[in-house]
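# Summary of structural features
Residues per chain, in single letters:
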Amino acid sequence: MASLGSLTTMMFPAVLAESPLLLVATTVATTAFVAFLIAWLGHRLGPRPQEPQIPARFAGVEIPTWSNRPRPRDFFVSRSRGERIYYELHGVAPSEPHCRGLIFLNSGYSSHTMRPTYVPLLQALGDAGFAVATHDWSGHGYSEGLRCGVNAGLMLADYEQFVDLILASLDTLTLTPGAVAAASSSYSSSSSSSSSSSSPRKGTSGSGAGVRRRRRRSSKPLPWFVCGQSMGGGLTLLFAQRVWADILGRGGGVAGKGGSEKEPLLQSRYAPFGGWVGVATFFEPPAPPPAPILAVMKGVAALFPRHLIPKIVSGASIADECVWPDAERIAWHMTHDLWGVPGGLGWGKSVRSESQSQSCSAVPSARTMPHNSTNHFLANR
Amino acid sequence: MRWSSAAAFFDLSDRLKAATDSGFGVGFPMLLCHDPADQVTPFAGSQLLFDRARTDPAQKVLVRLDGGLHDLIGNESEAVAKHISNWADGAAAWASSY
């Protein structure tokens, strides 16, 4: 006791030594703090749980197997990080004389182009005579990368690489005809109240005759466009701005920051760039915080980039009602999205796993889509 | 959402503002589809992009798709495809003119 007393006298002010109760309380508090510190460091430095994992609550929902994974040749390796980036080619082959143009289509944050959401649009654009090239952003869908990790500079570098890859091989690309139509799962509404104009498309449209009237002379270069949804809209706009600036010598090359701005774009290849389509484009967060809070947030992001923002800070996640118009449509999307696919977005700490599990439990009899791969693979490569 | 992703969205927003503020930033054909009631990405962003773009008025189109909500591609795929199809020929003509 004497040695403990002298030790505490050395460590703590005399007032503590004279008050045993205060001494005990301080010792307990210090010990608890040190234990917490050790535990926290252990958590930070120790092995991380493997991601993705199948959440137990998804049991009973059909989850495609590993055999359904995309084939290796449907990836390209990004120069920026060495990740495998997944891509698909849809619609009319660019080499076809009646092809009206090539559209690069991309999804938004936490989404991916394998979602059934995209199938009707891919079909409609193909029916209208367009070739469509899609790729999943890094960390999204089947692409590698930190799940739902966003980095505009690196994503734009990947995007530029993808556009280069496709445009450089336009003459040799051939698409598998009809793959989307065969693999798509049409939305069959049990409710007759759904209007056909607002529900996902049912089957293919009969606009092929109109396409044939718009034959493109093969000698004419194929115009190409970029199109993106939400976050993809913002990213593709920056890319378009960079292409346009490089071709016409205007603008500031803003999009190239952090990407591969040192490599000049091939101007002749990009000459027939036709413009940009933004669907529900992201431009600014709905409620940007005040500057001091934003500065703190960026500081935390620098310290803990991979960690999820606690709900108490981020608030409620986006309600499905903001995305889809009715409960039935929400349930359809929940059960038809391939979020269960390894690498898909329902895995691990995805932003959507919570709401999807709720919707699935609410609609136990909802149909699930056998995953027959909606890919359009290159036939002759 | 991850901390880094949230910060990246502000970074993306800053880049977009810089790209459009310059006055020379955007001059190519553009088609914007948006639901005015979109609560995830406000319609005002598309309106601002549309207003600021120096694109020839004949080459820029802002389409209001009421009731489409945020997943316009899923909810209004036919309308989106139709607008793209209608807009693309003019844009392609623009592309062949330079």
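Residues numbered from 1 in each chain as written. Chains lettered and ligands numbered in written order. Predicted model: local features only at pLDDT ≥ 70, side-chain atom pairs only at ≥ 80, totals over all residues. Heavy atoms only, no water.

Here we take up the sheet that holds strand β1 (residues 75-77) of chain A. Taking strand neighbours across the sheet as the criterion, the eight strands line up as β1(A)-β2(A)-β4(A)-β3(A)-β5(A)-β6(A)-β1(B)-β2(B) in an open arrangement whose pairing is mixed. Looking at which strands have only one partner, the edges of the open sheet turn out to be β1 of chain A together with β2 (60-64) of chain B. When strand polarity is set aside, the average angle formed by the axes of neighbouring strands in this sheet is 20°. Bridge count between strand β6 (residues 273-279) of chain A and strand β1 (residues 30-34) of chain B: four bridges; the pairing is parallel. Residue Gly278 of chain A lies in a different strand from β1 of chain B, and its bridge partner there is Leu32 of chain B. Running at roughly 160° to β2 of chain B, helix α2 (residues 43-52) of chain B makes contact with β6 of chain A together with β1 and β2 of chain B of the sheet. Strands β3 (101-106), β4 (130-135), β5 (224-229) and β6 of chain A together with β1 and β2 of chain B of the sheet are contacted by helix α4 (residues 77-95) of chain B, whose axis makes an angle of about 155° with β6 of chain A. (Pairing = 2+ DSSP bridges. Helix = DSSP H or I, 4+ residues; strand = E, 2+ residues; numbered from the N terminus. Axes fitted to C-alpha atoms, helices over the stretch in contact; angles between N-to-C directions. Contact = heavy atoms within 4.5 Å.)

Relative to the assigned elements, Gln229 of chain A resides in strand β5. Here Gln229 of chain A falls in the buried class, since its relative accessible area comes to 5%. Among the polar contacts made by the side chain of Gln229 of chain A, one reaches the main-chain carbonyl oxygen of His70 of chain B at a distance of 2.9 Å. Setting aside its immediate chain neighbours within four residues, Gln229 of chain A contacts Asn106, Ser107, Gly108, Tyr118 and Val279 of chain A together with His70, Asp71, Leu72 and Ile73 of chain B. (Buried < 20%, exposed > 50% of the residue type's maximum accessible area, 1.4 Å probe, protein only. Polar contact = N/O pair within 3.5 Å; in protein donor to acceptor, adjacent residues only side chain to side chain.)

A word on the environment of Gln59 of chain B. Relative to the assigned elements, Gln59 of chain B resides in the loop between α2 and β2. Along the primary structure Gln59 of chain B and Gly27 of chain B are separated by 32 residues, whereas in three dimensions their C-alpha atoms are 9.4 Å apart.

Residues and elements named next belong to chain A. Taken across its six residues, β5 has six buried, putting it largely inside the fold. Of the two faces of β5, the one lined by Trp224, Val226 and Gly228 and the one lined by Phe225, Cys227 and Gln229 are each fully buried. As paired elements, β5 and β6 share six bridges and run parallel to each other. Paired with Gly228 across the two strands is Gly278, which belongs to β6.

In short, the description is geometric, and any link to function would need to be established separately.
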